[in-house]
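So the chains spell out like this:
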Amino acid sequence: MTIAWGKKWGEWEGNAEKSLGSGVLDSAIAELKIGLKAVNYLGLTEAAEPDMTGEKQGNGSNRTQTVYVTLTGLPLTFEIDWPFHKSTSGADFWVLHGDIRLEGSHGLHAPVAVNLSATVREVLPSLEEKDVLAPLINALRKEVDNRQIEFVKSGKLVPVHFSSRHYDFKRNQWVFGKASDETITRQLERKIYWQTKLARGDVWIGDGTEAQYLQTTTDHLADLANQLAARGLIKLERRYATAQPALMERAEEFELAARTALAELEKKHAFERG
């Protein structure tokens, strides 16, 4: 199954707030099993420290320790098998395998084969991780936001085209859609919640990958984070955020967004399968 990039940017607002039929939502809740008292992340008990070190593994695979939340509220981590390899089929593109994990879902993931087009290759400084990781994660995250990627317990690699669709040649920059301050603030809240829930510790707010995805700057992210601090939701020091009880007590809000987003995604793919 080839996932083609759609013609629309995707809706930034409102997907997580749509009302669903109780049967669809209940099914997603049963599958995702995100709860406040009985949570098993990455195969560990809640009291154990999850293994999200991000260290290189023997085959060149690298799993991000950062939780990247979609705009619809799904917490993701990425395991990337570097480096890119030239296609052996004769086509003019490069291939990279990876696995997108839906955290807190008891094994749901999306194995992907990223096909990097020659057009995008020309605008990248190199195919090394330091030059590709941010737009790669954001391109995959955008596909999840647009419901183009399905999460399964097991499955074959899904080809995903890493093309110039999200690159603005006039301004020489990646563009994934301009987010409002309201959307960015909600995204920061979700990111800090999930990162704290999954990995514990302080959360780095000055993440250039997040700024790129929201089409803003790390300075603006810090400004909005300061507003969260003024409301008592986080503590902020040198762009490291520490979640406060007032934020973590909103767990059901953030987890409901994730359940709703997963239900919408599953409903879309179930419809396509007929």
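Higher on the page you've got the structure.
Residues numbered from 1 in each chain as written. Predicted model: local features only at pLDDT ≥ 70, side-chain atom pairs only at ≥ 80, totals over all residues. Heavy atoms only, no water.

Regarding the packing of aromatic side chains
Thought 1: With the rule as written, the count across this model stands at 10 aromatic pairs.
Thought 2: Ring centres of Trp 174 and Phe 176 lie 6.3 Å apart, and the angle between their planes is 10 degrees; this geometry places the pair in the stacked category. Considered together, Trp 174 and Phe 176 belong to a single accessibility category, that of buried residues.
Thought 3: Grouping aromatic residues by their ring pairs yields a cluster made of Phe 162, Tyr 167, Phe 169, Trp 174, Phe 176 and Tyr 213.
Thought 4: A cation over a ring is seen here: Arg 141 above Tyr 213, with NZ or CZ 4.1 Å from the ring centre. (Phe/Tyr/Trp six-rings, centres within 6.5 Å; stacked < 30°, edge-to-face > 60°. Buried < 20%, exposed > 50% of the residue type's maximum accessible area, 1.4 Å probe, protein only. Lys NZ or Arg CZ within 6 Å of the ring centre and 35° of its normal.)

Quick word on helix α6 (residues 218-230)
Thought 1: Under the 1.5 Å per step criterion, the end-to-end length of α6 is 18 Å for 13 residues, consistent within 8% with the ideal 18 Å.
Thought 2: Looking at α6, one finds that the buried residues are Leu 221, Ala 222, Leu 224, Ala 225 and Leu 228.
Thought 3: Where α6 is buried, its residues meet α4 (181-199), α5 (208-214) and β10 (234-237).
Thought 4: At the C-terminal side of α6, Gly 232 shows a positive phi close to 80 degrees. (Helix = DSSP H or I, 4+ residues; strand = E, 2+ residues; numbered from the N terminus. Expected span 1.5 Å × (residues − 1). Contact = heavy atoms within 4.5 Å.)

Structural notes on the pairing of strand β6 (residues 158-162)
Thought 1: Burial of the side chains of β6 is restricted to one face: Val 158, Val 160 and Phe 162 are buried, whereas none of Pro 159 and His 161 on the reverse face is.
Thought 2: As paired strands, strand β5 (residues 109-117) and β6 are joined by five bridges and run parallel to one another. Bridge pairing in β6 links Ala 113 to Pro 159. (Pairing = 2+ DSSP bridges.)

So yeah, pure geometry; function would need other evidence.
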